[in-house]
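# Summary of structural features
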Amino acid sequence: MMNLKNLLPGLLFLTLAFTGCDDEIDITAPEKEVPVVYAIFNQNENTHYVKVNRLLQGDRSFDELAKDRSIAEYDDIKVEIVETTYTSDFNEEVDMQNARYIECTPVEVNDKDSGTFYYPNQKVYQASFQLNEDNVYGVRITLPDGEEVTGFSPLVRTTFSTVKPGTCRPQNLTGCVIDFGSRSSTTQNEFSAYSVVVTQPGFCRSFETSLTFRYREVIGGQLSDPIDIVVDLGKETFESTYDPRGGQAPASRTVRFVSDRFYQIIADRVPDLDDSPGVERRILDSAFINVDFASEDLELYTQVSQPSESLLEDKPPFTNLKGGGIGVVGSRNDIEIRLPLSTRTQEELVNATVLGLTAQKGFCNTQEPNNDCYP
């Protein structure tokens with residue numbers, strides 16, 4: 001599910017960006033309401049959400065208007081998700097005549113954090129069905145006056161070869177591990193960088209990578225729920241969007257993570273065993289590589305939604321909606337690869353013979369023969 005609690009700040013920034021444009025939308029016209037739409041499709045999810053608000057306007061102060069849910073939300077609109085295709089492989093015109101329309105149901109969610117806008121409850125529109133990556137998806141919003149707002153986006157496509165962790169073969173991860181060990185037995189004080197090669201998926205413009213280290217604690221003879229430490233490996237943006245309908249080859253990026261930093265992060269975020277009352281030992285579990293991909297429209301919207309770093313910078317507003325609305329219809333995709341830690345990575349976490357950073361954490365090596373890690 002999309003992160004609804006972080007949605008309205010982005011919509012607010014986009015709305016304010018449009019207030020400086022008097023050649024596209026006249027937001028001061030009292031008889032004209034401007035819908036603000038946000039819909040991001042992910043083919044890994046079966047339930048899809050559309051957020052619709054209207055531009056805040058009135059005689060009261062902005063803070064008052066932002067707290068008034070009756071002004072910011074519509075009561076009588078029709079929200080549909082549109083499933084269609086391009087009219088040909090050589091353009092981005094969608095086939096509206098043969099499209100499938102799935103009407104969304106308004107639902108109440110309560111995961112919005114406190115802030116300028118009303119919280120925690122807000123209205124979104126949802127529909128549940130399986131997406132097909134060969135299709136194009138969008139929304140059709142029918143306003144109370146009968147006018148329609150539409151926007152479309154192709155789905156970000158991924159394959160088995162999209163993410164290649166370390167020296168593994170993407171098609172077969174059997175025997176693969178995440179290795180933060182030293183380069184060789186003769187260079188024990190020299191740690192390598194772990195790399196992840198990402199090949200650009202179809203209709204993708206950017207991606208973000210993270211590494212999750214998971215462990216469990218033994219407390220009172222019982223095994224705890226998993227504890228995750230997430231490390232952000234940064235964002236990469238491709239020079240252009242790869243269109244699989246054309247003949248060009250996809251680009252690729254390599255994300256590297258220095259092993260020393262991994263052990264330092266574990267040392268900083270996991271308390272020493274002596275400072276953990278009731279914890280008898282910690283069991284090394286596994287690690288996850290997570291890659292989140294964004295379509296071009298979503299990437300451009302994200303860039304515009306970031307506050308300007310300079311008073312002299314004039315960011316142009318962005319929307320891919322037609323019919324008088326503002327906002328974005330985009331797509332994303334994500335891949336998660338779970339791999340065990342290598343033997344020498346576990347040995348360093350347990351014994352800290354090279355870097356000396358994690359020996360006091362109480363980790364137990366499950367790969368050692370006859371170990372008593374599990375209760």
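That block above? That's the structure.
Residues numbered from 1 in each chain as written. Predicted model: local features only at pLDDT ≥ 70, side-chain atom pairs only at ≥ 80, totals over all residues. Heavy atoms only, no water.

## Comments concerning the overall build of the protein chain
Check the secondary structure of the protein chain and you find six helices and 17 strands. Burial analysis of the protein chain (375 residues in total) assigns 48% to the buried set. In the protein chain, once contacts between residues fewer than 6 apart in sequence are set aside, the share between residues at least 24 apart is 70%. (Helix = DSSP H or I, 4+ residues; strand = E, 2+ residues; numbered from the N terminus. Buried < 20%, exposed > 50% of the residue type's maximum accessible area, 1.4 Å probe, protein only. Contact = heavy atoms within 4.5 Å.)

## Overview of the environment of Ser-224
Within the secondary structure, Ser-224 is located in the loop between strand S12 (222-223) and strand S13 (227-237). As a C-alpha pair, Ser-224 and Arg-282 span 58 residues in sequence and 9.5 Å in three-dimensional space. Those residues within four positions of Ser-224 in sequence are excluded, and the remaining contacts are Arg-216 and Glu-217.

## Things to note about the pairing of strand S11 (residues 206-219)
In the case of a regular strand, side chains alternate between the two sheet surfaces. Across the 14 residues of S11, 11 count as buried, placing the element largely inside the fold. Note: S11 against S13, nine bridges, orientation antiparallel. Each bridged residue has a counterpart across the sheet, and for Thr-212 the counterpart in S13 is Val-230. Sheet topology note: the S11/strand S15 (residues 279-294) ladder contains 14 bridges and is antiparallel. Bridge assignment links Leu-211 to a residue of S15, and that residue is Ile-289. Here S11 folds back onto S12 in antiparallel fashion, the turn holding two residues, of which Gly-220 has a positive phi close to 60 degrees. (Pairing = 2+ DSSP bridges.)

## Overview of the state of the cysteines
Counted under the stated rule, the structure contains one disulfide. Note on cysteine connectivity: Cys-364 is disulfide-linked to Cys-373, with sulfurs 2.0 Å apart. What sets the handedness of the Cys-364 and Cys-373 disulfide is the S-S torsion sign, and at about -80 degrees it is left-handed. In this structure Cys-373 comes out as buried when scored by relative accessible area, which is 0%. (Disulfide = S-S within 2.5 Å.)

## Focus: the packing of helix H4 (residues 259-269) against helix H6 (residues 343-351)
Closest axis-to-axis distance for the H4/H6 pair is 11 Å, and the angle between their directions is 40 degrees. Between H4 and H6, the angle is such that the two are oblique. For the crossing formed where H4 meets H6, the hand is right-handed. Between H4 and H6, the contacting residues are Phe-262, Tyr-263 and Ile-266 on the first element and Arg-344, Thr-345, Glu-348 and Leu-349 on the second. Of the residues that constitute the contact of H4 with H6, the class distribution is four nonpolar, one polar and two charged. (Axes fitted to C-alpha atoms, helices over the stretch in contact; angles between N-to-C directions. Parallel < 35°, antiparallel > 145°, perpendicular 65-115°, else oblique. Left-handed = near helix turned anticlockwise from the far one by under 90°. Nonpolar A, V, L, I, M, F, W, Y, C, P; charged D, E, K, R; others polar.)

## Remarks on the pattern of salt bridges
Tallying each qualifying case throughout the model produces 21 salt bridges. With a closest N to O distance of 2.8 Å, Asp-285 and Arg-338 form a salt bridge. Placement of the pair is Asp-285 in strand S15 and Arg-338 in strand S16 (residues 326-339), with a sequence separation of 53 residues. By relative accessible area, Arg-338 is classed as partly exposed at 48%. Among the salt bridges present, the one from Asp-292 reaches Arg-332, with a minimum N-O distance of 3.1 Å. Of this pair, Asp-292 sits in strand S15 while Arg-332 sits in strand S16, placing them 40 residues apart in sequence. The exposure class assigned to Asp-292 is partly exposed, which follows from its relative accessible area of 33%. Members of the salt-bridge network, linked through shared partners, are Glu-45, Asp-292, Arg-332 and Asp-334. (Salt bridge = Lys/Arg side-chain N within 4 Å of Asp/Glu carboxyl O.)

## Some details on H6
Each α-helix winds once per 3.6 residues, and so residues spaced three or four apart point in a common direction. Considered for burial, the residues of H6 that qualify are Thr-345, Gln-346, Glu-348, Leu-349 and Val-350. Contacts made by the buried residues of H6 are with S11, H4, S15 and strand S17 (363-364). Downstream of H6 by one or two residues, Ala-352 has phi in the positive range, about 55 degrees.

## Here we look at the packing of aromatic side chains
Counted according to the given criterion, the structure contains 13 aromatic pairs. An angle of 45 degrees between the planes, with centres 6.1 Å apart, marks the rings of Phe-41 and Tyr-137 as tilted. With a gap of 96 residues between them, Phe-41 in strand S1 (residues 35-42) and Tyr-137 in strand S7 (residues 136-142) connect regions that are remote in the sequence. Classification of Tyr-137 as buried rests on a relative accessible area of 0%. (Phe/Tyr/Trp six-rings, centres within 6.5 Å; stacked < 30°, edge-to-face > 60°.)

## Quick word on the pairing of strand S8 (residues 148-154)
Of all seven residues making up S8, six are buried, and the element is well covered by its neighbours. Pairing geometry for S7 and S8, over seven bridges, is antiparallel. Within S8, the position partnered with Val-139 by the bridge is Gly-151. Linking two consecutive strands that pair antiparallel, namely S7 and S8, is a turn of five residues; a positive phi of about 90 degrees is found at Gly-146 within it.

## A few points about H4
For H4, the complete set of buried residues consists of Ser-259, Phe-262, Tyr-263, Ile-265, Ile-266 and Ala-267. In this structure, the buried residues of H4 make contact with strand S10 (193-199), S11, S13, strand S14 (252-258), H6 and S17.

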